[in-house]
Amino acid sequence: MQNYDLEIAKEVLRIRLSQMIVNEKYKEGVFKIPIHLAMGHEAIAVAVSSVMQGDDQLLVSHRNIHYNLARTKALNPELDEYLLRENGLAGGQLGSMNLANEEKNIVYASSILGNNLPVASGLALAKKVKREKSIVIVETGDGAIEEGAFYESLLFMKSNNLSVLIVIENNGWSLATKIKERRCDINLDKIAEALSVKYEKLSSNNVYEYIDKLKFLKEYSLENKIPVIVEVELTTLGGWHLKTPENPEGRFINYHAGPAPEINLENGPEIESSENDPVFVLAKLFEKDVFQKMSQEILGELRKETER
Amino acid sequence: MKYVEYINELIRNKILEKEKIVVFGQNIAAGSCLGGLTRNLKVREGGLIINTQNSENTLCGVGFGLMLGKVASIYFMKQQDFLLLGIDQLVNTYNFIRRKNPETSFTIFPIIVDNGYQGLQSSLNNFGDFCSIARVPGFAVTNKADAEKIINSQLLSPGFRIIGVSQRLFGQKVLDAKPVYINQEGTVFQYKEGKRATIACFNFSFSYGLGLQERLKEKGLESSLFSVNSMTRTNWSRIIEDAGETQNLILIDDSKSENLSCYALASDIMSQCQLKNKIIVKRELSKNWLWPNPDLLEIDYKKIIEQLS
């Protein structure tokens, strides 16, 4: 087998298992605030964090747990924030949907669809004024690309020669509605082409491939002073079938926020045995016993960290 | 000198004090330069003047992004009603930023189009409601003294605010009244002292108040004249004190809001003072408010003088 960077694999597992621990607590009802879990989004979060250097800055959306875990490298500060404690990551002031970590260069988080794209434009303009060679990365979702702010910001970034990586996490759903149930397709590559902006699609859930691609795209954006759209096709894991008198067989409910009732930590980090799950993709790259041992060690460390 | 020329001069001088400032907005360096408001703007080396695209929501967010990136900026806006498109940024983004006492300045500088004949968008040229919904400071510029004080103290100071100017006043000679008192916040100006009445002007109504004060004086009625330049509740203790002495209160408010700022002052005064007269001069909406009309505040000076005599 090829030698892969173990630290990267450990990060994917740590972020998955950390979220599963949050989910267990969520099922117990300990949180008063809404939390949007991002199980299935780990590969892109680890890749983004891996390519960030120096003064690079990241802006995230309401579903930001994976990026905060990737940048903060610890679970307790995030758990404490969700519990609105003073020793939380943001002193209990931001909760989940606006959770940022300025010390780790997550400089802004917005709970409003598309809101962070204009702010990213301004941050990138500030870098231009200050002649900084670092990049702004803004994470958003397929819902936000329906907002006017997406087009406006792309136009501003391109018109002002700004280096920005726009990571669009496309999970195909808006709350309980599939994209195809609510709108026509948006061909982001065509929008990018119309504005002479670079576009790249990622869909393998392979964290190593994502890191290589993002490194290249970051350099491309900095060298050419243009924004780059990175569309990431992924699956938000944790959906379940809800049985009602109208649907006795059960109707599929896509996970959006709240606890994921059918995901159990005791079943291990893999949630779905398919390419939809970055952990499944990762496991195929390692010997089975090596991967299991690594997973158990990380879970042990997390249990130790969260024992209070 | 005209009102717009005086403000333009103050802005140009102030901007030159700051390094690496970004000044942006639609048509700010083209055509009429927003009716002369932004004519001949220059920035020091390293700064930028950007004639932008028409994307108000994004432009508001750009200012806040610059603020997070520690670069000061000013966004000039041709019509205040455009700001509706950026209200999410004013509220949500600034709420995030203001948690940590920002070190950098961002000012939105809209023209309040209050010169009539604007049709359907007229009611949105309503400065106070924007400041209220976002809970942000707003300053109305009405004359030479407040322009100098507000632009010099607020335009580039850390934090966010909106500074509004009146299109109705653009072509008029700038009023040159000397203040006898300015509160610490720079939001309440007193120009005259008198024993018979207290006149407090809100929004851009100072010229009406000055006219009334002069007419009352001709009739031997000396009155105190104030201008409240803040768009939201402020430290107006001096006005309350004055009204307690004169017991005759005249409030003039030319805002188009349904929730006038002057009501808050009236409420404070009524709870603390005994008044002989309370007169509120405000816009009376006619049935044709939806379509283009002169849209002027009407003030019956004669009736007010009779009531106070």
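Described below are features of the structure shown in this document. Numbering of residues begins from 1 in every chain and follows the order in which that chain's sequence is written. Going through the entries in the order they are written, you letter the chains from A and number the ligands from 1. Two thresholds apply to this predicted model, a pLDDT of at least 70 for residue-level local features and 80 or more for giving and counting side-chain atom pairs, whereas whole-chain, interface and lining totals are computed over all residues. Side-chain measures were taken over the full set of non-hydrogen atoms in the model, leaving aside hydrogen atoms and water.

1. Overview of the sheet that holds strand β7 (residues 181–182) of chain B
Residues and elements named next belong to chain B.
Alright, step 1. Strand order across the open sheet formed by six strands is β7-β8-β10-β9-β11-β12, with mixed pairing between neighbours. In the strand order of this sheet, the two ends are held by β7 and β12 (277–282), each with one partner.
Alright, step 2. Where strand β9 (residues 197–202) and strand β10 (residues 223–228) come together, six bridges link them in parallel fashion. Paired with I199 across the bridge in β10 is L225.
Alright, step 3. Residues are treated as being in contact if the distance between any of their heavy atoms lies within 4.5 Å. Interaxial angle, 0 to 180 degrees, is taken between N-to-C directions of lines fitted to C-alpha atoms, where a helix line uses only the stretch in contact. Helix and strand assignments follow DSSP, with helices taken as H or I runs no shorter than four residues and strands as E runs no shorter than two, numbered in order from the N terminus. Each of β7, β8 (188–192), β9, β10 and β11 (248–253) touches helix α7 (residues 237–246); the most contacted strand, β9, lies at about 150° to it. Pairing between strands is defined by DSSP: at least two bridges between the two strands are required.

2. Observations regarding unusual backbone geometry
Alright, step 1. Positive phi, close to 55°, is recorded for N161 of chain A, a residue that is not glycine.
Alright, step 2. On the secondary structure map, N161 of chain A appears in the loop between α6 (148–159) and β4 (164–170).

3. Quick look at a nonpolar patch on the surface
Residue and element names in this part refer to chain B.
Alright, step 1. A contiguous nonpolar patch, built from L120, L285, W289, L290 and W291 and spanning about 580 Å² of accessible area, is present on the exposed surface.
Alright, step 2. With respect to the helices and strands, the residue L290 is situated in the loop between β12 and α9 (301–308).
Alright, step 3. Exposure categories follow from relative accessible area, calculated using a 1.4 Å probe and restricted to protein chains: below 20% of the type maximum is buried, above 50% is exposed, and the middle band is partly exposed. The class for L290 is partly exposed, based on a relative accessible area of 41%. Patch criteria: residues need more than 30% relative accessible area and no salt bridge. Like-charged residues are merged within 9 Å; nonpolar side chains of Val, Leu, Ile, Met, Phe, Trp and Tyr are merged within 5 Å. For accessible areas, the Shrake-Rupley method is used with a probe of radius 1.4 Å. Any residue's cover is judged against the shown protein chains and nothing else. By convention in these notes, a salt bridge is any Lys or Arg side-chain nitrogen within 4 Å of a carboxyl oxygen on Asp or Glu.

4. Some details on the interface of chain B and chain A
Alright, step 1. Counting residues at the interface gives 27 residues for chain B, matched by 26 residues for chain A.
Alright, step 2. A combined buried area of about 2100 Å² lies between chain B and chain A, and 64% of that area is made up of carbon and sulfur atoms.
Alright, step 3. Run the count over chain B and chain A and you get two salt bridges.
Alright, step 4. R99 of chain B is the partner of E102 of chain A in a salt bridge, and the nearest nitrogen-oxygen pair spans 3.3 Å.
Alright, step 5. Pairing of N or O atoms within 3.5 Å defines a polar contact, subject to two protein rules: one partner must be a possible hydrogen donor and the other a possible acceptor, and residues neighboring in sequence count only if both atoms are side-chain atoms. In this assembly, chain B and chain A are joined by 11 residue pairs in polar contact (both at pLDDT 80 or more).
Alright, step 6. If one sorts the elements of the side of chain B that touches chain A by residue count, helix α2 (residues 56–68) of chain B sits on top with nine residues.
Alright, step 7. Residues were grouped as follows: Ala, Val, Leu, Ile, Met, Phe, Trp, Tyr, Cys and Pro as nonpolar; Asp, Glu, Lys and Arg as charged; and all remaining residues, including Gly, as polar. Of the residues assigned to the side of chain B that touches chain A, the class counts are nine nonpolar, 12 polar and six charged. Accessible area that two parts lose when put together, evaluated with a 1.4 Å probe and summed over both, is termed the buried area.

5. Some thoughts on the sheet that holds β4 of chain A
Whether parallel or antiparallel, the strands of a sheet pair through hydrogen bonds between backbone atoms.
All names here are of chain A.
Alright, step 1. One open sheet holds the six strands; their spatial order is β2-β1-β3-β4-β8-β7, and the pairing between them is parallel. The open sheet terminates on both sides in strands that have one partner only, identified here as β2 (106–109) and β7 (198–202). Direction aside, neighbouring strands of the sheet carry axes that sit 20° apart on average.
Alright, step 2. Bridge analysis of β4 against strand β8 (residues 227–233) gives seven bridges, and the strand direction is parallel. Across the sheet, residue N170 finds its bridge partner in β8, namely E233.

6. Overview of the pattern of salt bridges
Alright, step 1. According to the stated counting rule, one finds 30 salt bridges over all chains in the structure shown.
Alright, step 2. The shortest N-O distance in the salt bridge between R283 of chain B and D295 of chain B comes to 3.7 Å. Residue R283 of chain B is located in the loop between β12 and α9, and its partner D295 of chain B is located in the loop between β12 and α9; the two are separated by 12 residues in the primary sequence. By the burial criterion, R283 of chain B is buried, and D295 of chain B matches it.
Alright, step 3. Salt bridges linked by common partners bring D142, E146, R182 and R183 of chain A together as one network.

7. Some remarks on the layout of surface pockets
Residues and elements named next belong to chain B.
Alright, step 1. Put simply, the largest pocket is a space of about 690 Å³.
Alright, step 2. Cavity means a closed set of points on a 1 Å grid over the protein atoms alone, one where a 1.4 Å probe fits but cannot get out, pocket means an open set with protein on both sides within 12 Å along at least 5 of 7 lines, and lining means a residue has an atom within 4 Å of a point. Residue lining of the largest pocket: 33 residues in total, with K282, R283, E284, L285 and L296 positioned closest to the centre.
Alright, step 3. Those elements that provide at least two residues to the lining of the largest pocket are β12 and α9.
Alright, step 4. Looking at the lining of the largest pocket element by element, the count peaks at four residues for β12. Grid points are joined across faces, edges and corners, and a volume is the space filled by probe spheres set on the points.

8. Here we look at the environment of L13 of chain A
Alright, step 1. Turning to its location among the elements, L13 of chain A is positioned in helix α1 (residues 6–28).
Alright, step 2. Remark: the alpha-carbon pair of L13 of chain A and R131 of chain A, spanning 118 residues in sequence, is separated by 37 Å.

9. Some thoughts on a positive patch on the surface
Alright, step 1. Counted as positive: Lys and Arg. Counted as negative: Asp and Glu, with His and the chain ends omitted from the count. Every charge is mapped onto a representative atom, which is NZ of Lys, CZ of Arg, CG of Asp or CD of Glu. A contiguous patch of positive charge, built from R131, K133 and K225 of chain A together with K20 of chain B, is present on the exposed surface.
Alright, step 2. Structurally, K225 of chain A is set in the loop between α9 (207–224) and β8.

10. Considering the packing of aromatic side chains
Alright, step 1. In this analysis, rings of Phe, Tyr and Trp, with Trp reduced to its six-membered ring, are considered paired at centre separations within 6.5 Å, and the interplanar angle assigns stacked below 30 degrees, edge-to-face beyond 60, and tilted for intermediate values. One pass over the full model with this rule turns up 21 aromatic pairs over all chains.
Alright, step 2. Between the aromatic rings of Y4 of chain A and F286 of chain A, the centroid separation amounts to 6.2 Å while the plane-to-plane angle is 50°, which identifies the pairing as tilted. Remark: F286 of chain A occurs in the loop between α10 (278–283) and α11 (288–306) and Y4 of chain A occurs in the segment before α1; sequence separation between them is 282 residues.
Alright, step 3. Ring plane angle 40° and centroid distance 6.1 Å describe the contact between F216 of chain A and Y220 of chain A, whose orientation is recorded as tilted. Taken together, the residues span about one helical turn, with F216 of chain A and Y220 of chain A both in helix α9 at a distance of four residues.
Alright, step 4. What makes Y220 of chain A partly exposed here is its relative accessible area of 27%.
Alright, step 5. Among the aromatic residues, ring-to-ring pairing joins F24, F64, Y75, Y94, F106 and F160 of chain B into one connected group.
Alright, step 6. Taking NZ or CZ as reference, K198 of chain A lies 4.9 Å from the ring centre of Y220 of chain A, over its face.
Alright, step 7. Across the ring face of F96 of chain B, the terminal group of R99 of chain B is positioned such that the distance to the ring centre comes to 4.4 Å. A ring has a charge above it when a Lys NZ or an Arg CZ is no more than 6 Å from the ring centre and no more than 35 degrees off the ring normal.

11. Thoughts on the packing of α2 of chain B against helix α3 (residues 87–97) of chain B
Residues and elements named next belong to chain B.
Alright, step 1. Taken N-terminus to C-terminus, the directions of α2 and α3 make an angle of 15°; their axes are 9 Å apart at the nearest point. The angle between α2 and α3 places the two elements in the roughly parallel class. Once α2 is placed against α3, the crossing between them reads as right-handed. In contact with N57, C60, G61, F64, M67 and L68 of α2, α3 contributes D88, Q89, L90, T93, Y94 and I97.
Alright, step 2. Residue composition of the contact of α2 with α3, grouped by class: seven nonpolar, four polar and one charged. The cut-offs work like this: below 35 degrees is roughly parallel, past 145 is roughly antiparallel, 65 to 115 is roughly perpendicular, and the gaps in between are oblique. Note: crossing handedness is left-handed where the near helix turns anticlockwise from the far helix by less than a right angle, and right-handed where it turns clockwise.

12. Describing the pairing of strand β6 (residues 159–166) of chain B
Residue and element names in this part refer to chain B.
Alright, step 1. Extensive coverage of β6 is indicated by the burial of eight of its eight residues.
Alright, step 2. The side-chain alternation of β6 yields two buried faces, one formed by G159, R161, I163 and V165 and the other by F160, I162, G164 and S166.
Alright, step 3. Taken together, the six bridges between strand β4 (residues 105–112) and β6 define a ladder with parallel strand orientation. Bridging across to β6, T107 finds its partner in R161.
Alright, step 4. In terms of strand pairing, strand β5 (residues 138–141) meets β6 through four bridges, oriented parallel. The residue of β6 that forms the bridge with F139 is I163.
Alright, step 5. Crossover handedness for the path β5 to helix α5 (residues 144–154) to β6: right-handed. Handedness of a crossover: with both strands directed away from the viewer, a clockwise path from the first strand across the helix to the second marks it as right-handed.

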